[in-house]
Amino acid sequence: MFSKRKITIIWMAVLLALFAAGCKKKAGPPPPPPPPPAKPEPPKITPAAPVVSQFSAEPSSIQRGQSSTLRWGVTGETTRISISQGIGEVQRTGNQRVNPSETTTYTLTATGPGGTTTSSATVDVTAPPPPPPPPPPPPPTITLDKRLDSDVQDAFFDYDKSDIRSDASATLTRDAAALKSILADFPNATIVIEGHCDERGSAEYNLGLGDRRSTAAKEFLQQLGVPADRLKTISYGKERPQCTEQNESCWQRNRRAHFAPQ
Amino acid sequence: MKQLLWFTIASLGVLLVLTAQEFGPITVSKNAARPKLGIPDFRGAAEAQNFMGAFNQTLWDDVKGSGLYDMVAKTSYPTFVPQQPSDLQTPAPSARVAPGGGHLMNDWSSPPPQLDFLAFGYSAAQNGVFILSGWLYDVRPNVSNHQVIGKRYLGTVDEAGARKTAHEFAADIIAALGGKSTFGTHIYFASSRTGHKEIWAMDPDGKNERQITHYNSISDFPSVSPDGSKIAFTSWAKVTPGIFVFSVDPVRDLRYYNQNASVNETPSFTPDGKQIVYASSAGGRCCRIFIAGLDGRGFRPISSASVIEVEPKVNPKTGSEIVFVSGRSGPQQIYKMNMDGADVERLTPGNGEASNPSWHPDGQIIAFAWTQGFATGNFNVFTMDVASRQYVQLTHSEGRNENPSWAPDGVHLVFMSTRSGRKQIWSMLADGSQPQQLTTQGNNESPVWGK
């Protein structure tokens, strides 16, 4: 099968392979061993004071009524661990919810054979924000409008007349009280008394009639003590009717003295 | 060339005014026999035809509006309409045309149209000019010279130009009877069409409306100066009602000084145009009659009654008396007094309510609004001879009829009426005939008719 020469070559190859493998396995010298650990000093006999590893208040700042949590941890030999502010004796580690009503400093005291260690944590207590202020008063003109609308009534007149009739007299007497109050509440306000007419007479004549109506109303109020310098008059004649139906009900509504802010 | 020569000759011979005896004096009366006039529709050559609708309407309305002619309906005219004199033949036995067709003058002077006068003509656009050739013929057979008017009128080639020539031709036709056209005069009034009552102006036919004030307030009661150059009115533009005086061309505030008062209103001009009479609440209750300079200075009261007195109007002819509205005897009535406030007389009898006096240019007649015979507020327009107190009712309860104002011609009145629904401006003749609505937009009132 194989010739002798071939066998020789195989052997040589095998040997060569073995040799190569043997070379690879041959590593360098091993690393020096680590140095031996240093020999610790023998501990002293005197015991150490306890160590407060943690004493905190989370959160450290609260609003009145909220709570904060104290967390603590103490190591070392202890005989007693306590926290001030009435918390008293506690374990080496722990937490405690507190809700102080004012800024409070908590002191943790750890006592052991080695001495006493203290640590403190402060919880800042802030007052809660004030409630929102009451809504600001609406601007005076709007209120003045509304006050006039709600508190002061129109005075009505007979056709082609500017005399104060008995019902208008009663109305204007109530109006006088209301106007005094309103003028006191709005010290810068001036009230305009508008004189109006129904549509029947001529526009030119009604302009004069409206002026007489507003003037009559002003003089009546003046006699009841409403300050005249805070009252102005203007006639609109029949230019600004509040209704346009052609019947007495509407005409009466338009024959009036009306009050408006200036 | 021949035609041009003809026009020159014709133009020189125009305005042959008829003698007054033929038709009587110029008075407007329903019973007066007015000459019958026919105005067939004019046609235009080429481009000019586009504007002949506006032309024909304007010509007809103007001439009819004068009240001087009896306008004969177009439906009664012959079929052939002459466009120039050569189209009209005088009766000739040898004429080839059949009678009745319109070619013969006799066709127009005999029934059915039976005209006294015939206006005819045509228009053309030439070199960018609208040319209206117009004739007025006296077609009656016994007249020796038939042509009364033969003239050319020029305008721009658009509707405005066509209307202008119509107004001018109509003015000549009206003048042929001694009348005066209202074309070129102006009507001022108050309109709330913008949402605020403002003073407006327009032509007498309601065209060419233009806004005078822009106060966005209330502006009303305009009056116009005798020469037509200024208006005075009442406005709330500065809060309380006060007087304003404006020039109208150009529109300018002449800065009238208002005396301190809660009301200054209803200004009108004196006949010399140099002073203002008005009503004011100054120094008492509203209102007394005052007089002041055109700028409002030098004011002084004329009347002294302690009642409402408004709307003073000085007699335009004499300048020595004032009509005004007063509540002296109760409901508002028309009164008259001298310029110094003396000799106060009530003109209206005292019943109903009377307002809005307006002097006729002759200074003898007033127009006014009065509720006599009707419910309170239902005004009608009346005229009154101031000397005799005789009055005539011109409107008859067709809505409210107020604010009459005489035209400068003394033949027309303008007034406010609600007869068509809203407040609108109308014109009519002095006898109440031919009412014509001039405005349509919004509410319109307080018209005054000036030069």
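Provided above is the structure to which this section pertains.
Residues numbered from 1 in each chain as written. Chains lettered and ligands numbered in written order. Predicted model: local features only at pLDDT ≥ 70, side-chain atom pairs only at ≥ 80, totals over all residues. Heavy atoms only, no water.

S.K.: Can you break down the overall build of chain B residue by residue, with the values?
M.R.: Helix and strand content of chain B: five helices and 30 strands. Here the C-alpha radius of gyration of chain B, 25 Å, is about what a compact globule of 451 residues would show, namely 22 Å. Taken along its principal axes, the extent of the C-alpha atoms in chain B is 85 × 45 × 40 Å. Counting across all 451 residues of chain B, residues that qualify as buried make up 54%. Within chain B, contacts between residues separated by at least 24 positions form 43% of all contacts whose residues are at least 6 apart in sequence. Accessible area for chain B stands at about 18600 Å²; split by element, carbon and sulfur atoms hold 50% of it. Charged side chains in chain B number 38 positive and 39 negative. The centres of these two groups are separated by 2 Å. (Helix = DSSP H or I, 4+ residues; strand = E, 2+ residues; numbered from the N terminus. Rg over C-alpha atoms; globule rule 2.2 N^0.38 Å. Buried < 20%, exposed > 50% of the residue type's maximum accessible area, 1.4 Å probe, protein only. Contact = heavy atoms within 4.5 Å. Areas by Shrake-Rupley, 256 points an atom, 1.4 Å probe, with all protein chains shown as cover. Lys, Arg positive; Asp, Glu negative; His and termini not counted. Charge placed at Lys NZ, Arg CZ, Asp CG, Glu CD.)

S.K.: How would you summarise the overall build of chain A if you had to cite specific residues and measurements?
M.R.: A count of helices and strands for chain A gives five helices and 12 strands. Every one of the 262 residues in chain A was classed for burial, and the buried ones make up 36%.

S.K.: Help me get a handle on the interface of chain A and chain B, residues and values and all.
M.R.: With 23 residues of chain A at the interface, the matching set in chain B holds 35 residues. Both sides together, the interface formed by chain A and chain B hides about 2200 Å², and carbon and sulfur atoms give 54% of it. For the chain A face of the interface with chain B, the top three residues by lost area are A:Glu204, A:Tyr205 and A:Arg212, together amounting to 32%. Where chain A meets chain B, there are two salt bridges. Across the pair B:Lys197 and A:Glu239 runs a salt bridge, and its minimum N-O distance is 2.7 Å. Counting the contacts that link chain A with chain B gives 11 residue pairs in polar contact (both at pLDDT 80 or more). Within the residue set of the side of chain A that touches chain B, elements represented by two or more residues are α4 (203-223) and β11 (231-237) of chain A. Here the element with the most residues in the side of chain A that touches chain B is α4(A); it accounts for 10 residues. Residue classes in the side of chain A that touches chain B are distributed as seven nonpolar, six polar and 10 charged. (Buried area = accessible area lost by both parts, 1.4 Å probe. Salt bridge = Lys/Arg side-chain N within 4 Å of Asp/Glu carboxyl O. Polar contact = N/O pair within 3.5 Å; in protein donor to acceptor, adjacent residues only side chain to side chain. Nonpolar A, V, L, I, M, F, W, Y, C, P; charged D, E, K, R; others polar.)

S.K.: I'd love a proper account of the packing of aromatic side chains, names of residues and values included.
M.R.: By the definition in use, this model includes 21 aromatic pairs over all chains. Pairing B:Tyr215 with B:Phe244 gives two aromatic rings, centres 5.3 Å apart and planes at 50°, and the pair type is tilted. Within this pair, whereas B:Tyr215 is found in the loop between β9 (210-211) and β10 (219-224), its partner B:Phe244 is found in strand β12 (residues 242-248), the two being separated by 29 residues in sequence. Pairing B:Tyr256 with B:Tyr278 gives two aromatic rings, centres 6.4 Å apart and planes at 85°, and the pair type is edge-to-face. Of this pair, B:Tyr256 sits in the loop between β13 (251-253) and β14 (264-269) while B:Tyr278 sits in strand β15 (residues 275-280), and the two are 22 residues apart along the sequence. Residue classification places B:Tyr256 among the buried positions, given a relative accessible area of 9%. Each member of the aromatic cluster is reached from another via a ring pair, and the members are B:Phe42, B:Phe55, B:Tyr153 and B:Phe169. For the cation-ring pair, A:Arg200 lies above A:Tyr159, with the distance from its terminal atom to the ring centre recorded as 4.3 Å. (Phe/Tyr/Trp six-rings, centres within 6.5 Å; stacked < 30°, edge-to-face > 60°. Lys NZ or Arg CZ within 6 Å of the ring centre and 35° of its normal.)

S.K.: Can you break down the pattern of salt bridges residue by residue, with the values?
M.R.: Per the stated rule, a full pass over the model turns up 29 salt bridges over all chains. The shortest N-O distance in the salt bridge between A:Asp167 and A:Arg165 comes to 2.9 Å. Classification of A:Asp167 by relative accessible area gives partly exposed; the value is 36%. Its salt-bridge partner being B:Arg328, residue B:Glu309 comes within 2.4 Å of it at the nearest N-O pair. Of this pair, B:Glu309 sits in strand β18 (residues 309-314) while B:Arg328 sits in the loop between β19 (321-326) and β20 (333-338); the two residues are 19 residues apart in sequence, bridging distant segments of the chain. Overall, the relative accessible area of 32% leaves B:Arg328 in the partly exposed class. Linked through salt bridges whose partners overlap, the residues forming this network are A:Glu239, B:Lys197, B:Asp220, B:Lys423 and B:Glu445.

S.K.: Describe the packing of helix α3 (residues 166-185) of chain A against α4(A), and please don't skip the residues or the numbers.
M.R.: All names here are of chain A. At their nearest, the axes of α3 and α4 sit 9 Å apart, and the two run at 60° to each other. If you check the angle between α3 and α4, you find them oblique. For the pair α3 and α4, the crossing hand works out as right-handed. Every residue of α4 that contacts α3 at Ser 169, Leu 172, Thr 173, Asp 175, Ala 176 and Leu 179 is listed here: Ala 217, Phe 220 and Leu 221. (Axes fitted to C-alpha atoms, helices over the stretch in contact; angles between N-to-C directions. Parallel < 35°, antiparallel > 145°, perpendicular 65-115°, else oblique. Left-handed = near helix turned anticlockwise from the far one by under 90°.)

S.K.: Before we move on, could you go through the state of the cysteines and cite the residues and values that matter?
M.R.: For the coordinates displayed, the defined rule picks out two disulfides over all chains. Across the disulfide, A:Cys243 is cross-linked to A:Cys250 (sulfur-sulfur distance 2.1 Å). Residues A:Cys243 and A:Cys250 share a disulfide whose torsion about the S-S bond is about 115°; that sign makes it right-handed. Pair check on accessibility: A:Cys243 and A:Cys250 agree, each one buried. Residue B:Cys286 pairs covalently with B:Cys287 via a disulfide, S to S 1.7 Å. The sign of the S-S torsion, about -75°, decides the handedness of the disulfide formed by B:Cys286 and B:Cys287: left-handed. Assigned by exposure class, B:Cys286 and B:Cys287 land together as buried. No disulfide involves A:Cys197; its sulfur sits 10 Å from the nearest other cysteine sulfur, which is in B:Cys286. The class of A:Cys197 is buried, set by a relative accessible area of 3%. (Disulfide = S-S within 2.5 Å.)

That's the geometry; what it means functionally is another story.
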